[in-house]
Amino acid sequence: MVALNTPRVGIIGAGMSGICMAAKLLTAGIESFTIFEKANEVGGTWRDNTYPGLACDVPSRFYSYEFWPNPGWTHLLPPGAEVQRYFRQVADVRGIRPHIRFGADVTAARYRDGQWWITTAAGEEAFDVLITATGVLRVPRYPDIPGLDRFAGAKFHSSCWDHSVSLADSRIGLIGTGSTGVQISAALGGAVRELNVFQRTPQWVFPMPNPRYSRLTRLVLERRPELGRLGYRFWQEFYEKIFARAMVRPGWERRLVSAVCRWNLRFSVRDPELRRSLTPDYQAMCKRQVLSKRYYRAIQKPGVHLVTDAIDHVEPEGVVTADGTLHELDVLVLATGFDAHAYVRPLTIVGEAGVSLDEAWADGPIAYRSVAVPGFPNLFMLMGPHSPIGNQSLVIIAEHQADYAMWWINQIRDGRVTAAAPTEVATKEYNEDMKAAMPQTIWATGCNSWYLDKNGLPELFPWEPVRHRELLSAPELGDFDVRPAG
């Protein structure tokens, strides 16, 4: 007979991934866990981002936990507030909220005497397993523009939207034309006095429709949940067999997405000069693919100006471009994205030999199959390095990574294992395989994107999502340093 233990699990972050991990633990009958959340509500990026036009760019049926379908989605691509309500609902109904310590900012986690010691303002607390669920789009990136701090009007990052600022009668400057910038432009174009969109690099835009689900549809799905599961599988197949496949290997899928993006631009923008300004010089999907049916329409509305001259500096009155033009503004919005390579930073994580994660990652973030790091026993990362965030729904990624962590947690609970960490050799071989596969991906075709690391290599998963599921389906024990119980 093996002895049953009660492993204590510490989870950092109550966003989508942290809620997922908590739900998996509760399903397994493990309640000895604590979620540390620095904010006062769950939801992560969906809690923090509230800008006009915010919507999910993954079909709602597929941007749901497989264990918790939502028949009440109102749109194919749901608005941000609705996604946030979904995660709050899961936290409430699944009984996760009592396990969350809100306002608890974790500053450090150290492996000492066979346990992880988590540090907050309240002191230290020991856990057997550490789960980092700190998210991807979390740390805002601010542009290095001379004079930015001198602007006299309202100024804020898109992730910190100031809703006290009146927009309708304002001259707004929007810096950034990625997914966020496109959504804001589509929402504000024609609805404000003036919108100046400062474009450094044009984007390929895929015209994804966003139909509304009728009340009848929602009622039927509520009464027939198996239909919702069919919807999940349909959009999973659509996403994985077209978009995901197009991004990691040449073929008809890549040509199709590229052709649709070109067709969309050609037939949506009538002015040849404006069309040239909106035409990228790189392949579709090389950057994070933008989905919008409204952007090109918005950019052509009265009062909307696409500014393609580079920004030289900012003055109190507005933005000055390289041609010397002063664009007078009342509001300046920075849709300049996030540091997608921050992972757990600025949190300090120190492993078994006193080596910090920053030191282990001095040459760049690496992990074993995106979830574990050599020298850091019983540490499991959700959305860790080279997770397939570029060609997969983040929700299903979190589920598979959480399931992988659960396999090890169950080994500890059953008294078979006390600690495990991947070996240096296995981790190195895995990362070399990824590096060798990267040139066939669309992300390595020559554009400058936030996917790239400091060496110019995409920090993404170079294979189809099915490969990620296979890699995480069951641990290969030979790739781990395992400490048996006793």
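Up top you'll find the structure we're talking about.
The structure presented is a predicted model; accordingly, all values stated were derived computationally and were not measured.

**Q** Just checking my understanding: could you explain the overall build of the protein chain for this structure?
**A** Across its full length, the protein chain carries 13 helices and 21 strands. The C-alpha radius of gyration computed for the protein chain amounts to 23 Å, which stays within 12% of the reference 23 Å derived for 486 residues, consistent with globular compactness. Projected onto the principal axes, the alpha-carbon positions of the protein chain cover approximately 75 × 50 × 45 Å. Residue pairs at least 24 apart in sequence account for 73% of intrachain contacts in the protein chain once pairs closer than 6 positions are excluded. For the protein chain, the accessible surface area stands at approximately 21000 Å², while carbon and sulfur atoms represent 51% of it.

**Q** How should I be thinking about a positive patch on the surface in this particular structure?
**A** Taken together, the side chains of K293, R294, R297 and K301 present a region of like positive charge at the surface. Relative to the assigned elements, K293 resides in the loop between strand 12 (290-291) and helix 9 (295-299).

**Q** Would you mind showing me how to read the packing of aromatic side chains here?
**A** The geometry of an aromatic ring pair comes down to the distance between the two centres and the angle between the two planes. Tallied over the entire structure, the rule returns 28 aromatic pairs. Where F156 meets W161, the ring centres are 4.9 Å apart and the plane angle is 65°; that geometry is what we call edge-to-face. The buried category is assigned to F156, whose relative accessible area is 7%. Aromatic pair W235 and F238: ring centres 5.3 Å apart, planes at 80°, arrangement edge-to-face. Of this pair, W235 and F238 both sit in helix 6 (residues 225-248), separated by three residues, roughly a single helical turn. When its relative accessible area of 16% is taken as the criterion, W235 is described as buried. Take F238: its relative accessible area is 24%, and that puts it in the partly exposed class. Taken together through their ring pairs, the aromatic side chains of F62, F206, Y232, F234, W235, F238, Y239 and F243 make up a single cluster.

**Q** What is the right way to read the sheet that holds strand 13 (residues 304-307) from this model?
**A** The sheet built from five strands is open, its strands ordered 8-17-9-10-13 with parallel pairing. Each having just a single partner strand, strand 8 (154-157) and strand 13 make up the two edges of the open sheet. With strand direction ignored, the average angle separating the axes of adjacent strands in the sheet is 15°. Sitting on the sheet, helix 4 (residues 179-188) touches strand 9 (171-175), strand 10 (194-198) and strand 17 (331-334), and the angle it makes with strand 9 is about 160°.

Cut-offs used in this document
Residues numbered from 1 in each chain as written. Predicted model: local features only at pLDDT ≥ 70, side-chain atom pairs only at ≥ 80, totals over all residues. Heavy atoms only, no water. Helix = DSSP H or I, 4+ residues; strand = E, 2+ residues; numbered from the N terminus. Rg over C-alpha atoms; globule rule 2.2 N^0.38 Å. Contact = heavy atoms within 4.5 Å. Areas by Shrake-Rupley, 256 points an atom, 1.4 Å probe, with all protein chains shown as cover. Patch = residues over 30% accessible without salt bridge, like charges linked within 9 Å, V, L, I, M, F, W, Y side chains within 5 Å. Salt bridge = Lys/Arg side-chain N within 4 Å of Asp/Glu carboxyl O. Lys, Arg positive; Asp, Glu negative; His and termini not counted. Charge placed at Lys NZ, Arg CZ, Asp CG, Glu CD. Phe/Tyr/Trp six-rings, centres within 6.5 Å; stacked < 30°, edge-to-face > 60°. Buried < 20%, exposed > 50% of the residue type's maximum accessible area, 1.4 Å probe, protein only. Pairing = 2+ DSSP bridges. Axes fitted to C-alpha atoms, helices over the stretch in contact; angles between N-to-C directions.

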